[in-house]
Every structure is written in C-alpha cells, then in structure tokens.
Amino acid sequence: MSLLTIVLAAGKGTRMKSALPKVLHPVGGLSLLGHVLSTVKLASDGQVAIVIAPDMAAVRTGSLVFTQAQQLGTAHAVLAAREAIARHTGDVLVVFADTPFLSLETLEQLRGALTERTPLAVLGFEAADPTGYGRLVRDAAGDLVAIREEKDASAEERRITFCCSGVMAFRAGVMLGILDQIGHGNAQGEYYLTDAVAVARSQGFRVATIACPQDEVLGINSRGQLAEAEAIFQGRARERALAEGATLIAPETVWFSHDTTIGRDVTIEPNVFFGPGVTVENDVVIRANCHFEGAHLRRGARVGPFARLRPGADLGPDVHIGNFVEVKNVKIGAGAKANHLAYLGDGRVGEGANIGAGTIFCNYDGYSKHLTDVGTGAFIGSNVSLVAPIRIGDGAYIGSGSVITRDVPADALALERSPQEVRPGWAAKFRTMMMRRRAARTK
Ligand code: UD1
Ligand code: CA
C-alpha cells in the first residue's frame, strides 16, 4: 500500500520570539524541518507533502508544497493538503516538523497498526513532565477515546502522563470524512488534529495507540526545548564518533553537525566545533580549539591548535595546519605545511610546499576574489603577501617579508625587500647622546 507523508511546518511558533519560522531553527546545523524530511524521505515508497506558511516561500525542497494561508490549527494545516489526500489511495502519515528525532522504525510501527476497523493510529509517549502536551484519554478497556489539549483539560486529565506526540497515521479513504468533522470550539479557537480521535470514535471506528520513548518525539516549542534537543543530538553524535573509533579527550566539549563524518583512529582534543559539511579521514589529529565547516581532512592530516577551516578547505594526506591558520577554498597537496599564523584563501598549494608564518594570500581587491597557485615543493618565507592572481612555480623560493605581485617561475628565488643598511656603532653613539641630554635637563 502506498504512503503519503504530510509534514506540518507552518504555525506561529510565538514562544521562539524569532524572525525565523520555528521549524527552520537548527539542531546539529540542520533545520528541524530538515531532520524530519530526511527521516520521512527514507520512508518514501510514496510522496512527501509539506505544509508551510506564506512567509516561508524559501522552503522549496523539491517535495510537494502546500501553503496554509492562516495558521488556524493542526487539523486546518493538514487540510491545506486536501488535494493530495483526496487523490491518494493508501496510508497517510502526519508528522510535525518541530519533532526532529522521529525514527523510521517508529513510523513503520505506527503505520502497521492500521486496519480496516482501525483507520487511525496515534503515537504516544510517557512524559516525564507532560506540561504543554495533549493527553491521551482512554476508557476502562484501555482504548483511546480522545486527546485533550492542556488548555482544555480538566484537573484530572492534566494528571495523565501518557501524551500525544502529534504523529498520526490514517487510512486515506476515511481521512477527509474525519477531518472535515473537526470544529474549533476549544480554548484556543483552533482546529485541532488531535480531535480526529473523538470524531473517529463517533463514526464507529477504533483508534490504535503505539508508544515510543520521549526522546524520539521531543516537540520544540521554545528556545529552551531547542537547546534540550541540541544537547540530545550532541550526546548521540559524540557516542557515534567514539563507537566508530575516534578518541575524544573531552567529548562534552566537541560539537558535531548532522553530516559530520569522522574516521578511525582520529584524535580530537578539547573544544572543537564541526559546522556542516566536514569529513575527517582516518588517522587525523585535531588539536584543541579548532573551528571547521565545509572542510575535508584527508588521512594523517594534523590540524590546530586554534585553526580555522572554512568551506572548500581540502587538506591532502599528512598536511600540517598549525595555530592561527585560516584556510578557505584551497586544495592543499600531500605533506604541505602551514604551521603558524597564515591566511590561505582561494587557490592551491602543491605537495610538500612550506608556507611560512605570517603568509597571506591577498585574494580580494574589494570587488572580486582571485586565485593563488603555489607549486609543488615551493618554499614561501615568513610574512609574505602573495597578491592574487598569482602563480608560484614548483620548487620556487620566496624571501621573507616580500610582497609578490608577479608570477615566479619554477626553482627561482623571488625577493621584494629594500636593501638592508648597517651603521656600525650608531646605537652606542645614539645612547650616549640621549643620556647626556637627559642629564642636562635634570640638572
Ligand atoms: C501539538 C498537539 C499536542 C501534542 C504536541 C506534541 C495539536 C492540537 N496538539 O501541540 O497534542 O502533544 O503537538 O509536540 O495538534 N502547525 C501548522 N499550522 C498550524 C498550527 C501548527 O503547520 O496552524 C505545525 C507547526 O509548525 C508544528 C506542528 O504543526 O510543526 C505542531 O504545532 P504546535 O503549535 O507546535 O502544536 P503543540 O502546541 O506543540
Ligand atoms: Ca509543538
């Protein structure tokens, strides 16, 4: 039977106090919506439909997108996708984009609970603190009869700790018949998707419940819960890195993104941040206090302490990048070194080249970016400015302190420096004169 998944991503998210729509806030460098989409797309023997608000037009993900003009509640949001539901024959999953940790297995299990007589299934969880969640109200036989939102619940209902995750599965054939009966006569004046339970019961259907761990269905309504989700995400990412053979000296100080890849026998010292798009191959050593994003560290590279790798930094095998070195959009060949205080932006460094302390690739003229090409085995002395576009040939040698503006051929020496003047005895004479003057003043 084919599956349609509807992801609800509109909604006011007023408790976030943000200009950014709630579901676009990131956890592990990926939006809440992105987490949910990556899970439901795996379940996609069918299609995915996203319901967004009009101010979220930027969220065009290649999926089917419906716009909910006004945020009148979760049932109203599902009905924004009415057209997709009406033409679907099979099962429909409804998931909330503010619930980032849902697993594929749980979704499959929920869907598996659907039958002809039970065309609706609800995913519930035992809440440590049920505040804010809808409560699952069951009859004496243990069957689900209704879901009560906190604001509508009696004191007795509020004591229930078995809560609604928001995830539901429907048989498409009866779904619109249920949703169209949902009203908005409640404390918030909204069309609640959760009322589908009472409506289905009144139409003579049964409703199934499946339970999952709370961690999986943590709903993000506030910045506090966003931080809680980040902590859960980081805990799992650290465990995964350790399980896959990396050494983390202080795991609680290392921050990963959703797509960070870490190889075996990688050592990561304290205080390292991985932004999105970083791949670390085997045997790499990352020393303390580094920040990376969009970078590839190949086998045996050594980076840090205090190094910054920005998008397009591609470090070849055994490359050394030392303290206070920034690399952006540069491919660095095997064994090359930039050990101290340098900016390498836009270009290439050949194998085995040595970049001295204080070297700058002057890549920007205020209007456009230009490339620097350093050949294999070239030696760039300390405090050199390479004014791009520029090519330094293989094996060339650049004298310290030079500002290089013209290409340098292979194996040449380039030097750009005023001749040094030496005046023997000058300093001693100067000192004597100054001491005399001071003595005359204080007499
Ligand atoms: C909802 C459930 C509650 C459940 C909780 C689990 C309802 C009425 N309540 O409450 O029972 O315990 O989730 O986290 O369903 N959205 C829209 N359009 C709207 C309103 C919401 O697209 O008009 C989207 C939001 O972006 C969000 C999701 O639906 O992703 C849930 O909305 P939210 O307002 O967070 O519902 P809760 O109050 O958390
Ligand atoms: Ca929510």
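Quick note: structure is the one above.
This is a predicted model, so every value here is computed, not measured. (Residues numbered from 1 in each chain as written. Chains lettered and ligands numbered in written order. Predicted model: local features only at pLDDT ≥ 70, side-chain atom pairs only at ≥ 80, totals over all residues. Heavy atoms only, no water.)

Engineer: Where do I start with the coordination of the calcium ion (ligand 2) in this structure?
Structural biologist: Geometrically, a metal with four donors at the corners of a regular tetrahedron has ideal angles of 109.5 degrees, and one with six donors at the corners of a regular octahedron has ideal angles of 90 or 180 degrees. Taken together, D98 (OD) and N221 (OD1) make up the full set of protein donors to the calcium ion (ligand 2), lying 2.2 to 2.4 Å away. You can see D98 sitting in the loop between β6 (90-96) and α4 (104-112) and its partner N221 sitting in the loop between β11 (207-211) and α8 (223-243), a full 123 residues away along the chain. Residue N221 is classed as partly exposed on the basis of its relative accessible area, which comes to 27%. (Donors = N, O, S within 2.8 Å, 3.2 Å for Na, K, Ca; no water. Helix = DSSP H or I, 4+ residues; strand = E, 2+ residues; numbered from the N terminus. Buried < 20%, exposed > 50% of the residue type's maximum accessible area, 1.4 Å probe, protein only.)

Engineer: Help me out: how do you make sense of the packing of aromatic side chains in this one?
Structural biologist: For any pair of aromatic rings, the description consists of the separation of the ring centres together with the inter-plane angle of the planes. Applying the stated criterion across every chain yields a total of six aromatic pairs. With a centroid separation of 5.2 Å and 5° between ring planes, the pair formed by F256 and F274 is classed as stacked. Residue F256 is located in the loop between β13 (254-255) and β14 (261-262), and its partner F274 is located in strand β16 (residues 272-274); the two are separated by 18 residues in the primary sequence. With relative accessibility at 4%, the residue F256 sits in the buried group. For the pair F274 and F292, a centre-to-centre distance of 5.6 Å together with 65° between the ring planes defines the contact as edge-to-face. Remark: F292 occurs in strand β19 (residues 290-292) and F274 occurs in strand β16; sequence separation between them is 18 residues. F274 gets classed as buried once you look at its relative accessible area, which sits at 0%. Taking the relative accessible area as the measure of exposure, F292 reaches 0% and is therefore buried. Between the NZ or CZ atom of R236 and the centre of the ring of F101, over which it lies, the distance is 4.9 Å. (Phe/Tyr/Trp six-rings, centres within 6.5 Å; stacked < 30°, edge-to-face > 60°. Lys NZ or Arg CZ within 6 Å of the ring centre and 35° of its normal.)

Engineer: What is the right way to look at the layout of surface pockets in this model?
Structural biologist: Vacant regions in the atomic arrangement are exposed by a probe of water-molecule size rolled over the atoms. As a volume, the largest pocket reaches approximately 1300 Å³. Along the walls of the largest pocket sit 44 residues, with K22, D98, G132, E149 and N221 positioned nearest its centre. Among the elements of the structure, α2 (74-79), β10 (162-171) and α8 are those that each provide at least two residues to the lining of the largest pocket. For the lining of the largest pocket, the residue count by class is 14 nonpolar, 19 polar and eleven charged. Lining the second largest pocket are 16 residues, and of these H35, T39, P100, F101 and L102 lie nearest its centre. Looking at the lining of the second largest pocket, the elements with two or more residues in it are α1 (32-42), α4 and α8. Counting residues per element, the lining of the second largest pocket draws most heavily on α1, at four residues. Residue composition of the lining of the second largest pocket, grouped by class: seven nonpolar, five polar and four charged. (1 Å grid on protein atoms, 1.4 Å probe; cavity = no way out; pocket = protein on both sides within 12 Å on 5 of 7 lines; lining within 4 Å. Points joined across faces, edges and corners; volume = space filled by probe spheres on them. Nonpolar A, V, L, I, M, F, W, Y, C, P; charged D, E, K, R; others polar.)

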